[in-house]
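Tertiary structure, described
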Amino acid sequence: GIAAADVTISGYGRTAIDYQEGRDQESQLETRLRMNIDATTSSDQGVDFGGRIRLQYDDGEGSSNVSPAYLYVTAGGLTVSVGNVNTAFDSAGLIYESEVGLISRSFGNAQGDFYAFSTSGYGNDEVRMNADGTVEIVNETDNRMGVAVEYEIAGASVMASYVDPDQTTGGDDEEFSLKADYTWNQIALSGAYVNNAAGVDGAEKYFVGAYYTMPGTENGVGLNYIDEDSDADNQGKTIVLYGDYAVAPLTTVSAYIANNDRDSNETDNAFGIGAKYDLGGAYLAGSIERGYDENVRADMGVRFNF
Amino acid sequence: GIAAADVTISGYGRTAIDYQEGRDQESQLETRLRMNIDATTSSDQGVDFGGRIRLQYDDGEGSSNVSPAYLYVTAGGLTVSVGNVNTAFDSAGLIYESEVGLISRSFGNAQGDFYAFSTSGYGNDEVRMNADGTVEIVNETDNRMGVAVEYEIAGASVMASYVDPDQTTGGDDEEFSLKADYTWNQIALSGAYVNNAAGVDGAEKYFVGAYYTMPGTENGVGLNYIDEDSDADNQGKTIVLYGDYAVAPLTTVSAYIANNDRDSNETDNAFGIGAKYDLGGAYLAGSIERGYDENVRADMGVRFNF
Amino acid sequence: GIAAADVTISGYGRTAIDYQEGRDQESQLETRLRMNIDATTSSDQGVDFGGRIRLQYDDGEGSSNVSPAYLYVTAGGLTVSVGNVNTAFDSAGLIYESEVGLISRSFGNAQGDFYAFSTSGYGNDEVRMNADGTVEIVNETDNRMGVAVEYEIAGASVMASYVDPDQTTGGDDEEFSLKADYTWNQIALSGAYVNNAAGVDGAEKYFVGAYYTMPGTENGVGLNYIDEDSDADNQGKTIVLYGDYAVAPLTTVSAYIANNDRDSNETDNAFGIGAKYDLGGAYLAGSIERGYDENVRADMGVRFNF
């Protein structure tokens, strides 16, 4: 039999002026170059196999990162992936939908941690001082292992993922997450749940979201709700109302207002507004947001895809 | 003149359940994604030049590794390579032939160390405490340098390699190895020798192996003998009898019995049996083995090539 | 609109015997494999966007380096780049023109430091001992950020670059550099200036150079002058006279004589001679040079492009 094997490199580059009120240097340059290297093979039975390693540079890093890999098998709408997998909670279709600007940020996003595909590698090297006075370099997060299962049919997608922070030892708090997405005419619905988020015992999060697209347009409004109020997290509940509107050809304005009830907030209300201008293969975008710490952040720049 | 230059990315992905009797978590997931990036040019005279860097992720690593490179020149069957070279001993045609399963392992393999192409990079960063109390990060194996020469003609291949553990200092124990492979009708013969294996003074190893393929089939039997009994190694002598048999279309069963006379063994006999099912571009495989420590290990999974 | 996106990998490999009088092991093997991964997109308006990450292995490194990235936008001869940019001073057309041999070296080059595209990443990890006795791994150069602007028209190119050693803090000594190149018939002219070179306060350098190509040939002579005599540098002034001569088809001999007036020199005069033989897609080259320390260095090897 003949198999069709292929390797592709795709991704995006972006650079922006990133303003953050209240930090030492308020205006800095943000740069990112992402290259996903995907290797795939189709077997004689029509089963697809593949794997991904990501090369990515972000400003503030001394070198480009070379991510851990994941591997996957796809057949008949079912995909099983192993390794540095995309997680269900992070893959919920609408969970990042309120983001604005070039850097794609929103205070309506989840405030706490959960696992996702790791671009920069698991954890950091640390120096450990042993009792005998010797020192050594260790990384205690190298043995992370994830598994994800996704099933797609018609306008629906359901996914479950499981990440063991260290598969060589027992007693870890493995993260488990679920998500479901459904699109029906003008309505998109999305929900997700994660337990032991990012390997933290008892960190439970819930997400539900909906988006309505006005018929015959790309304009729409959405509403997201994220509960991260467990004792292990204490990030409160976040609700965000957002919308997108094509004000002119190729030009879209997006905005959101978010409310989060975390105790440590200066204010419980945050908002943002952004605009995007399509260049065809690239776009210009900018945004201005005000956060729960009452500080403003803003960005303006260009992004291209390849 | 015009030169033909090309860059290709090829390799494989695999994932398996890896069972190992007696370790903390006996069942773990094994994943590997290997991408060899090969750059080549043919000169006007028909001389081929090339170089390789390997990207590889293995479970248990925090990020994908980006190997040191080797460079090579090939003309008229003769290849000279420099840098992170493949070594002669590691390249002996039959030395890994008794391996079974998805992860490709055998207790009939050499038990001790010798140099090979380094995927994960030379050595590890270490922290050195200086006499004055300062600490710094060092890697004392960065200056490794290898050279290999291979000549191929008809069914024969001979190869010699030389690896200096640190080319910037004298007094190292440079590894030197030789191998020869020969195929004649149904018979394949392979032999190899290495001195100062892995840069260890006096570590001498010998290998001879033979494989017989039954006419008109892919079934065969082989016998390997590896002597690692020098005082510098003390890994004993290993003899392994192995065979492969196509039990059904696309399905091959392989098995081996190995004997090693090392003092530290619980038992001197090990064995393994595995099966492989060809999917075309990918295969399913599994194995079960029992080692010199009387523990069982087993694997089961899928591998694809690209 | 449709955009044309592309990813290419190009670069070169080289290996040489590198002789250096007076070091522990005088003859060592030099190897380099450089792979530039360039991702590009053209927008509907004819604006080009791109980014580069470089993979490179050099002997003496434990693994291949994965450089920080730069991103660029080009339109109508004007290129703006951000990130790990090429700097103006390093890009002056003739500044490295006196180099000879396979490894491309010259004592007529600048003697001190200035920023350039960083292949091996910004700085090195270091271990910091805190007052409380704990130790941690830090890299204080991760936040470097560069911007460069280049304009090309007809035979002229002008460029300016700016590199902030740490964009997250104030008070750094940002490097600023300028260059201009101009070609007019047989004459090429090049000039450059840098201030706070490599982030060192007050390190100013000046460069001017000219090259004359004899009509109808590839033979030529050049003269470069580099002033690195500021108190922050104290590398003196360097003047180098050099030339190239095609002694036979495909064979070019190059030579230089350089004078540098730095106090620490054993001698103020250095010279070098090299030869190159074109193989078409690859070349053989060698050189012998004598430096300001009165030691001889020499190389001989092969390089290929892809």
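Look a little higher up for the structure.
Report follows, based on the coordinates. (Residues numbered from 1 in each chain as written. Chains lettered and ligands numbered in written order. Predicted model: local features only at pLDDT ≥ 70, side-chain atom pairs only at ≥ 80, totals over all residues. Heavy atoms only, no water.)

1. Details of the overall build of chain A
A tally of regular secondary structure across chain A gives one helix and 19 strands. In terms of overall dimensions, chain A is globule-like: its C-alpha atoms have a radius of gyration of 21 Å, near the 19 Å expected for 306 residues. Each of the three principal axes of chain A carries a C-alpha extent, and together these read 60 × 55 × 35 Å. Sorting the 306 residues of chain A into buried and exposed places 50% on the buried side. When contacts within chain A are restricted to residue pairs at least 6 apart in sequence, long-range pairs at least 24 apart make up 46% of them. (Helix = DSSP H or I, 4+ residues; strand = E, 2+ residues; numbered from the N terminus. Rg over C-alpha atoms; globule rule 2.2 N^0.38 Å. Buried < 20%, exposed > 50% of the residue type's maximum accessible area, 1.4 Å probe, protein only. Contact = heavy atoms within 4.5 Å.)

2. A look at unusual backbone geometry
Across residues other than glycine, the phi torsion is negative in most instances, and most of the peptide bonds are trans. Even without a glycine there, the phi angle at Ala154 of chain B is positive, about 45°. Counting through the fold element by element, Ala154 of chain B comes out in the loop between strand S9 (145–153) and strand S10 (156–164). With phi around 65°, Glu294 of chain C is a residue other than glycine that occupies positive phi space. Structurally, the position occupied by Glu294 of chain C is in the loop between strand S18 (282–290) and strand S19 (296–305).

3. A look at the side chain of Asp181 of chain B
Residue and element names in this part refer to chain B. Here Asp181 lies in strand S11 (residues 175–184). Within polar-contact distance, the side chain of Asp181 engages the backbone nitrogen of Gly93 at 2.9 Å. In this structure the side chain of Asp181 is engaged in a polar contact, spanning 2.7 Å, whose partner is the side chain of Ser190. (Polar contact = N/O pair within 3.5 Å; in protein donor to acceptor, adjacent residues only side chain to side chain.)

4. So, the relation of the copies chain A and chain B
It takes a turn of 120° to lay chain A on chain B, together with a shift of 0.0 Å along the axis; the resulting RMSD is 0.0 Å. On the angle and the small slide along the axis, the relation comes out as a three-fold axis. A different interface surface on each copy is seen, since only 10% of the contact residues of chain A are contact residues in chain B too. (Least-squares fit on C-alpha atoms with pLDDT ≥ 70 in both.)

5. Overview of the side chain of Ser43 of chain A
Within the element layout of this structure, Ser43 of chain A appears in the loop between strand S2 (27–42) and strand S3 (48–58). Every residue in contact with Ser43 of chain A, bar those within four places of it in the chain, is listed here: Phe49 of chain A together with Leu279 and Gly280 of chain B.

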